[in-house]
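Remarks on the overall topology
Chain by chain, the residues:
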Amino acid sequence: MRKTTNLKRRAATMLTAVATAAMVAIQPAAACTSFLLPTSDGESVYGRTMEFGFQLDSQMMVVPRGYSFASVVPDGKGVDWAGKYGVVGLNAFDLPNVVDGVNEEGLAGGILYFPGYAGYADAKDIDAKSGLAPWEVLTWALTQFKTVAEVKAAIADISVVGVVESSLGMVPPFHFVFHDQSGASLVVEPVDGELKIYDNPVGVMTNSPGFDWHMTNLGNYIKISPVNVDSMEIFGDKIESFGQGSGLLGIPGDPTPPSRFIRALGYTASAERVPSGIESVRLAEHIINNFDIPIGFVKPEDAKESPDYTQWSAIADLKNRRYYVKSYKDQVLRSVDLMSFDLDAKDVVKAPLTPMMEPPALAFPK
């Protein structure tokens, strides 16, 4: 058994500082939003959006059981492992790793951007064979574990190392969310070379700042409610609200991470529960639609940089092991049934997110 890594706080090396400065200078806004939606029969559905200012070229991929992985962490300090469970999810840049997905045991998770706060371990300071690059963490977890509790117990044995991803040309700043069929949720954040691990009772996550800050910020919104407010009387004059939604007055509507966190929690906490399966998937889709960013709505200061937009949105039905996706150019939700694949196959299977721009015609009875 691998010796548990005792991560210690340490000042970043000059190399890490330079890489971090470069990362902050060129990073896209990356406005990812994720949530867990409970169902009326005690199950859960997970949903998220993926935003970037440049093409991720994501593909759907199915990873079979027993597939071998080797970390790219340098100096022989990366983890080598063989997966125990089949996984379906989406990758980026044709990497052999998922950035979002669900496994055959109903454990789901995603990589979210964490700019300005992510701080990784240095490869020279970690134990042998304990390192993972930031984009490898999710695949390592989904191929190895059944539950959030198992991830939480095992992740103390690894170190997330600041490795440059060649397609990005930088060390990408990530944090990670995990959910399982029981409704448990976990947030894992690399900060100052350590992994901060949080149980997530609300099931929602966005981007920076850290999860603990977002939970503290909830205190600013405790009076907001989906229930309309009563009229009030001032000096004998009855004052009525202008219409529906008066209880939600003040809920933030901008696309910043703190605002999206509050808004996502508002939707998941107030939505009427429906059964597992397609009903809960469609409900999750309605929630996801509220976080869709069209090209041009969020723009960088530098006009030469590409604007952030929602490249795809994904939903995982944790009970039925079905994974759904719709892309910016094709808003029709398409599904993959993980359990319909031969999960003892030898090779990863991939499918591009080929858009069907022409909407399907409505069928009229003859």
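Everything numeric in this text was worked out from a predicted model, so none of it was measured.

Conventions adopted
Residues numbered from 1 in each chain as written. Predicted model: local features only at pLDDT ≥ 70, side-chain atom pairs only at ≥ 80, totals over all residues. Heavy atoms only, no water. Helix = DSSP H or I, 4+ residues; strand = E, 2+ residues; numbered from the N terminus. Rg over C-alpha atoms; globule rule 2.2 N^0.38 Å. Buried < 20%, exposed > 50% of the residue type's maximum accessible area, 1.4 Å probe, protein only. Contact = heavy atoms within 4.5 Å. Areas by Shrake-Rupley, 256 points an atom, 1.4 Å probe, with all protein chains shown as cover. Lys, Arg positive; Asp, Glu negative; His and termini not counted. Charge placed at Lys NZ, Arg CZ, Asp CG, Glu CD. Pairing = 2+ DSSP bridges. Salt bridge = Lys/Arg side-chain N within 4 Å of Asp/Glu carboxyl O. Expected span 1.5 Å × (residues − 1). Axes fitted to C-alpha atoms, helices over the stretch in contact; angles between N-to-C directions. Phe/Tyr/Trp six-rings, centres within 6.5 Å; stacked < 30°, edge-to-face > 60°.

**Things to note about the overall build of the protein chain**
- Secondary structure assignment for the protein chain yields six helices and 19 strands.
- The C-alpha atoms of the protein chain give 21 Å as radius of gyration, which agrees with the globular expectation for 366 residues (21 Å, within 12%).
- Out of the 366 residues in the protein chain, the part that is buried amounts to 51%.
- In the protein chain, once contacts between residues fewer than 6 apart in sequence are set aside, the share between residues at least 24 apart is 70%.
- Looking at the protein chain as shown, the accessible area adds up to about 17,400 Å², and 57% of this sits on carbon and sulfur atoms.
- With 31 positive and 43 negative side-chain charges, the protein chain shows a spacing of 3 Å between the two charge centroids.

**Section: the pairing of strand 18 (residues 330-337)**
- Pairing of strand 17 (residues 322-327) with strand 18 involves five bridges; the strand directions are antiparallel. Bridging from a neighbouring strand, R322 pairs with D337 of strand 18.
- With antiparallel pairing between neighbouring strands as the criterion, strand 17 and strand 18 make up a hairpin whose turn holds two residues.

**Some details on the pattern of salt bridges**
- Scanning the model with the defined rule gives 13 salt bridges in all.
- Residue K129 pairs with D80 through a salt bridge whose shortest N-O separation is 2.8 Å. Taken together, the residues span a long stretch of sequence, with K129 in the loop between strand 8 (108-113) and strand 9 (131-132) and D80 in strand 5 (residues 80-82) at a distance of 49 residues.
- The class of D80 is partly exposed, set by a relative accessible area of 47%.
- Shared partners join several salt bridges into a network, and the residues in it are R65, E104 and D344.

**Here's the deal with helix 6 (residues 278-289)**
- With 12 residues, helix 6 extends 16 Å from end C-alpha to end C-alpha; this agrees with the ideal 16 Å at 1.5 Å per step.
- Where helix 6 is buried, its residues contact strand 1 (34-38), strand 2 (44-52), helix 5 (257-270), strand 16 (309-317), strand 17 and strand 18.

**A word on the sheet that holds strand 2**
- As summarised here, the arrangement of the five strands in space is 1-2-16-17-18, forming an open sheet in which the pairing is antiparallel. The strands lining the two open edges of the sheet, one partner per strand, are strand 1 and strand 18. Each adjacent strand pair in this sheet contributes to an overall mean axis angle of 20 degrees, direction not counted.
- Pairing of strand 16 with strand 17, which is carried by six bridges, proceeds in the antiparallel orientation. Counterpart to S313 in the pairing with strand 17 is K326.

**Description of the packing of aromatic side chains**
- Going through the model one piece at a time under the given rule, you end up with 11 aromatic pairs.
- Look at F54 and F93: their rings are 6.3 Å apart centre to centre, the planes differ by 20 degrees, and that puts the pair in the stacked class. Remark: F93 occurs in the loop between strand 6 (87-90) and strand 7 (100-103) and F54 occurs in the loop between strand 2 and strand 3 (59-63); sequence separation between them is 39 residues.
- By relative accessible area, which is 29% here, F54 ends up partly exposed.

**Re the sheet that holds strand 3**
- Spatially, 13-12-11-8-7-6-3-19 is the arrangement adopted by the eight strands of the open sheet, whose pairing is antiparallel. The two strands at the open ends of the sheet, each matched to only one other strand, are strand 13 (194-199) and strand 19 (349-352). When strand polarity is set aside, the average angle formed by the axes of neighbouring strands in this sheet is 15 degrees.
- Where strand 6 lies against strand 7, four bridges are found, and the strand directions are antiparallel. Following the sheet pairing, V87 is matched in strand 7 by N103.

Distances and angles like these do not, on their own, reveal function.
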